Amino acid sequence: MGFRCGIIGLPNVGKSTIFNALTAAGAEVANYPFCTIDPNVGIVRVSDRRLEKIAEMIRPPKVTYTTMEFLDIAGLVRGASRGEGLGNKFLGHIREVDALVHIVRCFDNPDVVHMDGSVDPARDIGIVNTELLLADLETVARRFQKVDKLVRTGDKNALGELQLCRRLQEALGKEIPARNITLDEESGRIMKEFHLLTAKKVLYVANVSEEVLRRGNGYISRVRDIAEGEGSGVITICGDLEAEMMDLPEEDRKDFLEDLGLEESGLEKLIRAGYSLLGLITFYTTVGPELRAWTIPSGTKAPEAAGKIHSDMERGFIRAEVVHYDDFIGAGSMAAAREKGLVHSEGREYSVQDGDIVLFRFNV
């Protein structure tokens, strides 16, 4: 699995339309709140031209792409942190994902009802972010009470966590999301145990009309300003166009994009932005008959990368034999790469690089 994204936003902003277009999963779409009660799940293949080029050269019997999982989560409303709408159920689903794809309505359409009667991206983003902050404040308050009791009974080991709770309460109370709080390594490790909603990276998706996609509008600028201010990512997608494209045969989609003057689909744009936001890279393995792509965080050491394939490989790790994609393509084959000295042996401290083709040596 590459990574898991929760698609969030207010009701009727186009979440399910975009989810369907990205995953072709067929979630129900309707013009009323709470159409999505349980999260729809879609797993999509991550397009990878490097993998395809490697496959052309070595012609393996099996090629496996890395994947990305989307959860289309029910629309949020004011008061969700207090149980309004689908409240706690909504927030519980968010805790399960790696990152949040926040769909923001940036189009005017009198036929699509807005819960507040008008389109205002800044207001809409504020509603969602406030509910996530309030939910996190409640989580930290419960944790504080538990840790405070431990400290009062003489548990000095709990002092650090108590101080972290105080710091989180102060920051969240000032509307600073947990992901923007600078922590040392130990505090960061403890905070991960809290499963805070605002600790997750956010990618804003401005859902626009076809006309706005071509020309832009003030709505998009407001979303970009907010994203820039909090260090989040932002892309622009026309959900209706993406849905229209997914109805076409795959061989016609490239022409469809070219006619619109677009270089890539919304899915490709989202995946690229998501990888950048989360600091993810791709490496490749050829084991037996299978050529396969794997997604890992940048900076992952070779043993941990091996563990992505199988835990036995991490435990018995000996070394990694590595050739970079560019070197492999330039050499023309793995045998030629070896002859030219382009395949190098790396130990436990090696950080796997984006585009590495790796053979792990390990003891069973």
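Reading the values: rules and limits
Residues numbered from 1 in each chain as written. Predicted model: local features only at pLDDT ≥ 70, side-chain atom pairs only at ≥ 80, totals over all residues. Heavy atoms only, no water. pLDDT = per-residue confidence, 0-100. Contact = heavy atoms within 4.5 Å. Patch = residues over 30% accessible without salt bridge, like charges linked within 9 Å, V, L, I, M, F, W, Y side chains within 5 Å. Areas by Shrake-Rupley, 256 points an atom, 1.4 Å probe, with all protein chains shown as cover. Salt bridge = Lys/Arg side-chain N within 4 Å of Asp/Glu carboxyl O. Lys, Arg positive; Asp, Glu negative; His and termini not counted. Charge placed at Lys NZ, Arg CZ, Asp CG, Glu CD. Helix = DSSP H or I, 4+ residues; strand = E, 2+ residues; numbered from the N terminus. Buried < 20%, exposed > 50% of the residue type's maximum accessible area, 1.4 Å probe, protein only. 1 Å grid on protein atoms, 1.4 Å probe; cavity = no way out; pocket = protein on both sides within 12 Å on 5 of 7 lines; lining within 4 Å. Points joined across faces, edges and corners; volume = space filled by probe spheres on them. Nonpolar A, V, L, I, M, F, W, Y, C, P; charged D, E, K, R; others polar. Arc of directions from axis to C-beta. Pairing = 2+ DSSP bridges. Axes fitted to C-alpha atoms, helices over the stretch in contact; angles between N-to-C directions. Core = buried A, V, L, I, M, F, W, Y, C linked by side-chain atoms within 4.5 Å. Parallel < 35°, antiparallel > 145°, perpendicular 65-115°, else oblique. Left-handed = near helix turned anticlockwise from the far one by under 90°.

Trainee: In this structure, what is going on with the confidence of the model for the chain? I would like to understand it.
Mentor: Reading predicted coordinates in detail is not appropriate for stretches of low pLDDT. Per-residue pLDDT for the chain has a mean of 86; in total, 89% of the residues score no lower than 70. Note that pLDDT drops below 50 for residues 25-38; the model gives that stretch 37 contacts with residues more than four away or on any other chain. The low-confidence segment residues 84-88, where pLDDT is below 50, has 13 contacts with residues more than four positions distant or belonging to other chains.

Trainee: I tried to follow a negative patch on the surface on my own but got confused; where do I start?
Mentor: On the surface, Glu250, Glu251, Asp252, Asp255, Glu258 and Asp259 cluster together to form a negatively charged patch. Checked against the element boundaries, Asp255 lands in helix α10 (residues 250-259). Judged by relative accessible area, Asp255 falls into the partly exposed class, the value being 43%.

Trainee: Sorry, what's going on with the layout of surface pockets here?
Mentor: A probe as big as a water molecule, rolled over the atoms, marks out the empty space that is left. Reported here for the largest pocket is a volume of approximately 720 Å³. Considering the residues around the largest pocket, the lining is formed by 25 residues, among which Ser47, Glu250, Arg253, Ser265 and Glu268 are closest to the centre. Among the elements of the structure, α1 (15-23), β2 (40-45), α2 (49-58), α9 (239-246), α10 and α11 (266-278) are those that each provide at least two residues to the lining of the largest pocket. Residue contributions to the lining of the largest pocket peak at five residues, all from α10. Of the residues belonging to the lining of the largest pocket, the class tally is 12 nonpolar, three polar and 10 charged. Taken together, 16 residues make up the lining of the second largest pocket; nearest its centre are Gly188, Met191, Lys192, Ala199 and Lys200. Here the lining of the second largest pocket gets five residues from one element, more than from any other, and that element is helix α6 (residues 185-192).

Trainee: I tried to follow empty space enclosed by the protein on my own but got confused; where do I start?
Mentor: Using the criterion set out here, one finds one cavity of 30 Å³ or more in the structure. Roughly 50 Å³ of internal volume is contained in the largest cavity. Lining the largest cavity are 13 residues, with Cys5, Ala99, Leu203, Gly274 and Leu277 positioned closest to its centre. Broken down by secondary-structure element, the contributors of at least two residues to the lining of the largest cavity are β1 (3-8), β5 (99-105), β6 (201-207) and α11. The dominant element in the lining of the largest cavity, judged by the number of residues it contributes, is α11, at four residues. Grouping the constituent residues of the lining of the largest cavity by class yields 11 nonpolar, one polar and one charged.

Trainee: Hey, could you run me through α9 in this one?
Mentor: Since the α-helix packs 3.6 residues into each turn, any two residues three or four apart lie on the same face. All of the buried residues in α9 are Gly239, Leu241, Glu242 and Met245. Down the axis of α9, the buried side of the element spans an arc of 160 degrees, and every buried residue falls inside it. In the core, the buried residues of α9 are packed alongside α1, β6, α7 (210-215), β7 (233-237), α10 and α11.

Trainee: Could you clarify how one ought to interpret the pattern of salt bridges in this entry?
Mentor: Side-chain pairs of opposite charge can arise where the charged atoms are in close proximity. Going through the model one piece at a time under the given rule, you end up with 21 salt bridges. Where Glu230 meets Arg179, a salt bridge forms, and the shortest distance between an N and an O atom there is 3.1 Å. Note that Glu230 is positioned in helix α8 (residues 218-230) and Arg179 in the loop between α5 (159-173) and α6, a separation of 51 residues in sequence. Connected via shared salt-bridge partners are Arg143, Glu161, Glu186, Arg189 and Glu193.

Trainee: I would appreciate a short explanation of the sheet that holds β2 in the present structure.
Mentor: What links the strands of a sheet is backbone hydrogen bonding, and the strands pair in either a parallel or an antiparallel sense. In space, the six strands of this open sheet follow the order β2-β4-β1-β5-β6-β7, with mixed pairing throughout. The two strands at the open ends of the sheet, each matched to only one other strand, are β2 and β7. Taken pair by pair, the neighbouring strands of this sheet meet at an average axis angle of 25 degrees, ignoring direction. In terms of strand pairing, β2 meets strand β4 (residues 67-72) through six bridges, oriented antiparallel.

Trainee: I'm lost on the nonpolar core in this one. Help?
Mentor: In terms of nonpolar packing, the biggest core is built from 56 residues, with Met68, Phe70, Val205 and Leu270 touching the most fellow members. Excluding residues that lie within four positions of it along the chain, Val205 makes contacts with Ile18, Val101, His102, Ile103, Val104, Ile235, Ile237 and Leu270. Core analysis: the second largest hydrophobic core is formed by 17 residues, Cys165, Leu168, Ile190 and Met191 among them.

Trainee: Would you take a moment to explain the packing of helix α4 (residues 121-152) against α5 for this structure?
Mentor: A packed helix pair is summarised by two numbers, namely the angle formed by the two axes and the spacing between the axes. It is the contact of α4 with α5, at a shortest axis distance of 9 Å, that shows an interaxial angle of 155 degrees. In terms of orientation, α4 lies roughly antiparallel with respect to α5. Considering the relative orientation of α4 and α5, their crossing is left-handed. On α5, the residues that touch Leu133, Asp136, Leu137, Val140, Ala141, Arg143, Phe144, Val147, Asp148 and Val151 of α4 are Leu159, Glu161, Leu162, Cys165, Arg166, Leu168, Gln169, Leu172 and Gly173. The residue inventory of the contact of α4 with α5, partitioned by class, reads 12 nonpolar, two polar and five charged.

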